[in-house]
Amino acid sequence: MKKLLITGGARLSGTVRIHGAKNSVLPVLAACCLCTSPCVLHNCPDIEDVRTALAILESLGCKTRREGSTLCIDASGLSKFRVEKRLAGKMRSSILFLGALLARCGKAELALPGGCPLGERPIDLHVKSLAKLGARFRFEKGILQAAWRERRDGDIFLSIPSVGATENLLLACALMNGTVTLHGAAREPEITDLIGFLRAAGADIRGAGSGDITIRGVKKLHGATYTILPDRIETATYLCMAAGCGGEVELQRCDGRLLAPVIERLREAGCEINCDGSEIALKSSGKLTAVSPVTTAPYPGFPTDAQAILMAAVLRAKGESVFQETVFERRFLHVPELQKLGADIVLSGKTARVRGVAHLHGAMLRAEDLRGAAALITAGLLAEGESEVLGLSHLARGYENLEQNLKNLGAAIKSVDIPAPFVYNT
Ligand code: EPZ
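The following refers to the structure shown.

Read from one edge of the open sheet, four strands run E18-E19-E21-E20, paired in mixed fashion. If you trace the sheet from one side to the other, it starts and ends with strand E18 (294–295) and strand E20 (344–348), each paired once. As judged from the five bridges shared by strand E19 (residues 320–324) and strand E21 (residues 351–355), these two strands associate in the antiparallel manner. Counterpart to Phe-323 in the pairing with E21 is Ala-352.

Oppositely charged side chains are able to pair whenever their charged atoms sit close together. Scanning the entire structure with this criterion turns up 20 salt bridges. Here Glu-67 and Arg-65 are joined by a salt bridge, their closest N and O atoms 2.7 Å apart. For Glu-67, a relative accessible area of 44% gives the class partly exposed. Of the charged contacts in the structure, one is a salt bridge between Arg-232 and Glu-190, with a shortest N-O distance of 2.8 Å. Of the two residues, Arg-232 is situated in helix H8 (residues 232–245) and Glu-190 in helix H7 (residues 189–200); the sequence distance between them amounts to 42 residues. Arg-232 gets classed as buried once you look at its relative accessible area, which sits at 10%. Look at Glu-190 and you get buried, because its relative accessible area is 6%.

As summarised here, the arrangement of the four strands in space is E10-E11-E13-E12, forming an open sheet in which the pairing is mixed. Across the chains shown, the open sheet's two edge strands, defined by having one partner strand only, are strand E10 (154–157) and strand E12 (204–206). With strand direction ignored, the average angle separating the axes of adjacent strands in the sheet is 15°. Pairing geometry for E10 and strand E11 (residues 179–183), over four bridges, is parallel.

Bringing unusual backbone geometry into the picture now. Of note, the bond from Tyr-299 into Pro-300 is cis; its omega dihedral lies within 30 degrees of zero at 10°. A positive phi angle, near 65°, is found at Asn-43, a position not held by glycine. When you line up the elements, Asn-43 lands in the loop between strand E3 (39–42) and helix H2 (48–59). A relative accessible area of 11% means that Asn-43 is categorised as buried. The phi dihedral of Lys-141 falls on the positive side, at around 45°, and the residue is not glycine. Position of Lys-141 relative to the elements: it lies in the loop between strand E8 (135–140) and strand E9 (143–148).

Around the ligand, a shell composed of 23 residues is seen, among which Asp-124, Leu-125, Ser-162, Asp-305 and Val-327 lie nearest. Here an oxygen atom of the ligand sits 2.8 Å away from a polar atom, N or O, in the main chain of Leu-125. Between the ligand and Arg-371, the relevant distance is 2.9 Å, taken from an oxygen atom to a side-chain nitrogen or oxygen of the residue. When the ligand is considered free in solution it has 830 Å² of accessible area, and contact with the protein chains removes 90% of it. Broken down by secondary-structure element, the contributors of at least two residues to the shell around the ligand are helix H1 (22–31), helix H5 (124–132), helix H6 (163–173) and helix H12 (370–382). Considering each element in turn, the shell around the ligand owes the most residues, three residues, to H5. Class assignment for the residues of the shell around the ligand results in nine nonpolar, six polar and eight charged.

With that settled, the discussion passes to the packing of aromatic side chains. Per the stated rule, a full pass over the model turns up one aromatic pair. Centre to centre, the rings of Phe-197 and Tyr-226 are 6.1 Å apart; their planes meet at 80°, and the pair counts as edge-to-face. Taken together, the positions of Phe-197 in helix H7 and Tyr-226 in strand E14 (residues 225–227) put the pair 29 residues apart, joining distant regions of the chain. On the accessibility criterion, Tyr-226 (17% relative accessible area) is buried.

This brings us to the packing of H1 against H7. Look at H1 against H7: their axes get within 9 Å of each other, and the N-to-C directions meet at 30°. The angle between H1 and H7 falls in the class roughly parallel. Crossing hand, H1 versus H7: right-handed. Taking contact as the criterion, the partners of Asn-23, Ser-24, Pro-27, Val-28 and Ala-31 in H1 are, on H7, Glu-190, Asp-193, Leu-194, Phe-197 and Leu-198.

Glancing now at the packing of H6 against H7. Two elements in contact, H6 and H7, have axes separated by 10 Å at closest approach and are oriented at 10°. Comparing the axis directions of H6 and H7 gives the class roughly parallel. Packed against H6, whose contacting residues are Val-163, Thr-166, Glu-167, Leu-170 and Leu-171, the element H7 presents Ile-191, Leu-194, Ile-195 and Leu-198 at the interface.

Residues Leu-29, Leu-41, Phe-197 and Leu-198 are the most contacted members of the largest nonpolar core, which totals 78 residues. Residues within four places of Leu-198 in sequence aside, it is in contact with Ala-31, Leu-34, Leu-170, Leu-171, Ala-203, Ile-205 and Leu-221. With 76 residues, the next largest nonpolar core counts Ala-243, Ile-263, Leu-288 and Val-291 among its residues.

Conventions adopted
Residues numbered from 1 in each chain as written. Predicted model: local features only at pLDDT ≥ 70, side-chain atom pairs only at ≥ 80, totals over all residues. Heavy atoms only, no water. Pairing = 2+ DSSP bridges. Helix = DSSP H or I, 4+ residues; strand = E, 2+ residues; numbered from the N terminus. Salt bridge = Lys/Arg side-chain N within 4 Å of Asp/Glu carboxyl O. Buried < 20%, exposed > 50% of the residue type's maximum accessible area, 1.4 Å probe, protein only. Axes fitted to C-alpha atoms, helices over the stretch in contact; angles between N-to-C directions. Near = heavy atom within 4 Å. Polar contact = N/O pair within 3.5 Å; in protein donor to acceptor, adjacent residues only side chain to side chain. Areas by Shrake-Rupley, 256 points an atom, 1.4 Å probe, with all protein chains shown as cover. Nonpolar A, V, L, I, M, F, W, Y, C, P; charged D, E, K, R; others polar. Phe/Tyr/Trp six-rings, centres within 6.5 Å; stacked < 30°, edge-to-face > 60°. Parallel < 35°, antiparallel > 145°, perpendicular 65-115°, else oblique. Left-handed = near helix turned anticlockwise from the far one by under 90°. Contact = heavy atoms within 4.5 Å. Core = buried A, V, L, I, M, F, W, Y, C linked by side-chain atoms within 4.5 Å.

Spelled out as structure tokens, the structure:
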């Protein structure tokens, strides 16, 4: 077990290379189950959730190999359709093997997914939509069992533009006879990336990026070579850290178009940001002004995954910033931790009012979810004195090399072992 020790106050200056998107590579890895010949995926981050996805693929009989940031996946030998509990429970995106195994094997058995505790996070939309297409479900002893009883094509109307439900439907229908049209589907760039991979493997899917996606099932999918798009939330993370601390950073291999609402807010707060192709340069004095009200929303709205991180960046901004969280029920777990540093935040239901304070002081902080962990680190970098951040298991799921990248930018940050709790031999 480790914790991070941070001594705040340093400006951040230098270059960071952004990795491939966690929330794209995970559905694409599940999609590899549909391919009967090998796939080569470039720009894959080496993070805990990807290691878990690779372990699931291998438990199903697939072969996987990592060569730097390239993953080679051979699902030709896929022979199982059950995802065991110890793997499924480690992350939310294990649920995507439901659609993938239904497509490849006609059935699937998997324990319910884990992931960040952001609220109830049900899978009712996944189940109801697949049932409408002819899948039958049983839930016994914590295991969801699914099988095609028949395969009906037609229209699916999603009441929420659920990212995961859209991805599961894309996976389940890619190899299905007939045509299925999704209405009210998610429009995130990661959905477009998944469709890009599926089309490269021979799928017939149209409407990427729109709320209406039409899938014409094909008989089989061949292997594909594909490059995962840049991680827009990792990009937002480094931009917010540098904005709050002050400094000059250049982010490489990213795409500013994927996080326009975040960049707009940081410019509003007083940062100078230039997007040029796959690079973003940010200059900040560290003396920010409050941002106009932020309401999180499905893409292309303000991304819920960047809410905590931007909030941390504006804790000392002049004026009041208001954040409204509309996507998840419990996505303010970072607020009481930020208040330990002296942040002036008033929570009321789905709204957090953040009044800038002149100073933040170090404190011991505990992360409860992935993006909350990034927010606590951001706040620790702004605070005077030393802060500790515990709960790093969340961080390892979604960020590669964060600590070293921050060190390279000039931050005073290091991870240290936490002594194992002393157990008295009774
Ligand atoms: C994906 O989660 C991302 N995770 C999340 O990123 C991201 O915050 C979220 O999309 C929204 O953009 C991955 O891609 C692995 P949803 P997902 O289904 O698919 C409700 C991160 O930090 N809902 O779009 O679980 C749900 O409870 C993570 O990288 C239902 O009610 O999100 C939530 O309130 C955190 N029934 C809302 O919809 C369902 O069947 C959006 O969830 C499904 C979802």
